[in-house]
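Here are the chains, one letter per residue:
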There are 2 protein chains.
Amino acid sequence: MTQDQLIHQIKTKQSFLCIGLDVDLNKIPEVLLKEDDPIFAFNKAIIDATHHLCVAYKPNTAFYEAYGLKGWKALEKTIAYLNEKYPEIFTIADAKRGDIGNTSAMYAKAFFEDLAFDSVTVAPYMGKDSVEPFLSFENKYTILLALTSNVGAYDFQTKNVDDKALYKHVLETSKTWENAERLMYVVGATKAEFLEDIRKIIPDSFLLVPGVGAQGGSLEEVCKYGMNKNIGLLINSSRGIIYASKETDFAEAADLKAKELQSAMAAILDRSES
Amino acid sequence: MTQDQLIHQIKTKQSFLCIGLDVDLNKIPEVLLKEDDPIFAFNKAIIDATHHLCVAYKPNTAFYEAYGLKGWKALEKTIAYLNEKYPEIFTIADAKRGDIGNTSAMYAKAFFEDLAFDSVTVAPYMGKDSVEPFLSFENKYTILLALTSNVGAYDFQTKNVDDKALYKHVLETSKTWENAERLMYVVGATKAEFLEDIRKIIPDSFLLVPGVGAQGGSLEEVCKYGMNKNIGLLINSSRGIIYASKETDFAEAADLKAKELQSAMAAILDRSES
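Just so we're clear, the structure is a prediction, and the values are computed from it rather than from any experiment. (Residues numbered from 1 in each chain as written. Chains lettered and ligands numbered in written order. Predicted model: local features only at pLDDT ≥ 70, side-chain atom pairs only at ≥ 80, totals over all residues. Heavy atoms only, no water.)

Considering the pairing of strand β1 (residues 17-21) of chain B
Residues and elements named next belong to chain B.
- Across the five residues that make up β1, a large majority, five, are buried.
- Going residue by residue along β1, you find Leu-17, Ile-19 and Leu-21 tucked away on one face and Cys-18 and Gly-20 tucked away on the opposite face as well.
- Summarising the sheet, β1 and strand β10 (residues 233-237) pair through three bridges and their orientation is parallel. Of the residues in β10, the one forming a bridge with Ile-19 is Ser-237.
- Both β1 and strand β2 (residues 56-59) contribute to a ladder of four bridges, which runs parallel. From the neighbouring strand, Ile-19 faces β2, where its bridge partner is Tyr-57. (Buried < 20%, exposed > 50% of the residue type's maximum accessible area, 1.4 Å probe, protein only. Helix = DSSP H or I, 4+ residues; strand = E, 2+ residues; numbered from the N terminus. Pairing = 2+ DSSP bridges.)

Structure follows, in structure tokens:
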């Protein structure tokens with residue numbers, strides 16, 4: 001998928017919502033546990049109910065690996081279903097990978113070729129040669145962790161490197177890498193006030209913003225400081241949508257929660273256009 | 001496995017060799033490609049030929065994920081084979097994971113419970129709450145990336161944070177985390193001269209040292225600066241051992257290469273004891 005196609009989808013749907021598919025078998029409706037593949041059954045119902053309200057889905061690989069082979073199979077079926085039934089949707093493997101060059105190339109193969117995701121999240125700690133193998137894939141995007149939404153972000157990411165926070169150093173350095181135009185960045189919504197500074201460094205890049213909802217971030221604040229001329233935001237919500245109900249009405253409840261967020265986004269887009 | 005059991009194994013085998021099981025189907029003997037599960041067949045042959053010379057095996061998950069479901073199945077079979085046939089061996093999932101707390105807990109479940117590895121490598125960028133879920137498992141070890149062996153290590157890891165390299169900051173901070181005694185660290189052999197300083201911060205911890213061999217690090221140098229009273233080192237070699245031959249004699253060739261390294265290690269241990 002190209003970035004223009006993503007932007008077109010955002011404008012058409014009046015939404016920049018990304019839904020996190022983080023399936024925990026302890027949290028899904030009990031009735032689904034009788035299914036052959038409860039994880040996929042849950043994802044399929046959520047996707048069918050919400051696809052018209054969001055522009056991206058983001059399965060976090062941890063939740064699939066925790067169920068071993070069955071989990072990996074459910075991940076394969078989920079991405080295959082998305083690619084076949086809703087090819088306009090932008091897909092994100094939230095995998096936070098990163099390794100030495102030849103090994104990162106294997107991860108890139110896994111997520112871009114074997115599973116056919118549009119994008120993958122990558123950790124920056126190992127530097128340029130751990131990220132560039134991902135960037136070599138055309139029409140695929142590498143979403144680099146910059147400033148995450150958790151408390152631990154203050155352990156290293158906000159510490160000063162030569163009078164500048166490490167995450168800013170990551171942003172600036174990554175701009176010099178080959179095919180840097182294929183980079184997007186993870187920036188946590190719990191730190192919306194940082195977005196103004198971040199936009200000075202990467203005015204044009206898309207930001208994947210987790211932490212709206214369950215983690216306490218504000219949609220209005222994120223948009224105020226983070227939106228650019230191409231919108232440039234993907235706002236993720238996981239638990240707040242997919243676990244809106246544990247009863248048989250879980251998909252309808254997810255639809256309602258997604259609709260709330262999409263409506264708020266449409267209002268913001270409407271204001272920003274006028 | 002306890003750390004004492006690992007140390008006992010090192011002394012018994014006169015080896016602190018870890019063998020990386022990074023299986024690339026383009027590099028293994030063609031004859032194996034006819035097998036039902038070529039990846040597992042290759043690993044089994046390598047393990048059976050070399051287990052008496054090493055104390056640890058380290059599959060890198062990238063090489064398994066790149067082959068999708070088949071790859072993940074081969075990983076499951078490999079760790080199950082190791083745990084059943086050679087339970088004295090220390091097993092490392094080289095996965096370089098790390099995410100927000102509840103998600104890291106799912107990764108910990110995947111590698112410590114579902115797959116039953118003794119340890120897993122974890123990236124530090126997301127800080128304390130991304131690592132502590134791994135540390136809560138008794139008799140399991142979390143191997144934190146400190147200073148890696150690739151060129152990109154100079155992008156961020158060696159940059160100064162408050163007059164101290166980021167990787168030193170990671171070492172010091174991690175010592176304050178809950179169950180920090182279950183931490184080990186990745187320190188690349190290509191930077192052996194850094195080990196003297198590193199040992200001042202973490203004198204007692206085990207270090208997993210990649211980069212001897214293919215990446216150019218020196219065993220003598222690493223031992224000179226990195227060894228502690230409990231040895232405290234696991235030296236990894238992957239390609240240099242497992243791809244010593246692409247012919248039908250690949251397992252014997254791996255055995256010979258492993259024997260070379262083990263002999264060098266035995267000589268060093270002998271010197272350090274006298």
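What about the interface of chain A and chain B?
- With 58 residues of chain A at the interface, the matching set in chain B holds 58 residues.
- Our enumeration of links across chain A and chain B arrives at four salt bridges.
- Where chain A packs against chain B, one counts 28 residue pairs in polar contact (both at pLDDT 80 or more).
- Sort the elements by how many residues they give to the side of chain A that touches chain B and helix α5 (residues 101-114) of chain A lands first, with eight residues.
- Within the side of chain A that touches chain B, the residues separate by chemical class into 25 nonpolar, 17 polar and 16 charged. (Contact = heavy atoms within 4.5 Å. Salt bridge = Lys/Arg side-chain N within 4 Å of Asp/Glu carboxyl O. Polar contact = N/O pair within 3.5 Å; in protein donor to acceptor, adjacent residues only side chain to side chain. Nonpolar A, V, L, I, M, F, W, Y, C, P; charged D, E, K, R; others polar.)

Some thoughts on the sheet that holds strand β9 (residues 207-209) of chain B
Residues and elements named next belong to chain B.
- What the eight strands build is a closed barrel, ordered β1-β2-β3-β4-β5-β8-β9-β10; its pairing is parallel. Averaged over all adjacent pairs, the angle separating strand axes in this sheet is 30 degrees, with direction ignored.
- Where strand β8 (residues 183-187) and β9 come together, two bridges link them in parallel fashion. Opposite Val-186, over in β9, you have Leu-208 as the bridge partner.
- The strands touched by helix α2 (residues 38-50) are β1 and β2; relative to β1, the strand with the most contacts, the crossing angle is about 170 degrees.
- Relative to strand β5 (residues 141-147), helix α7 (residues 166-174) is tilted by about 150 degrees, and along the sheet it contacts β5 and β8. (Axes fitted to C-alpha atoms, helices over the stretch in contact; angles between N-to-C directions.)

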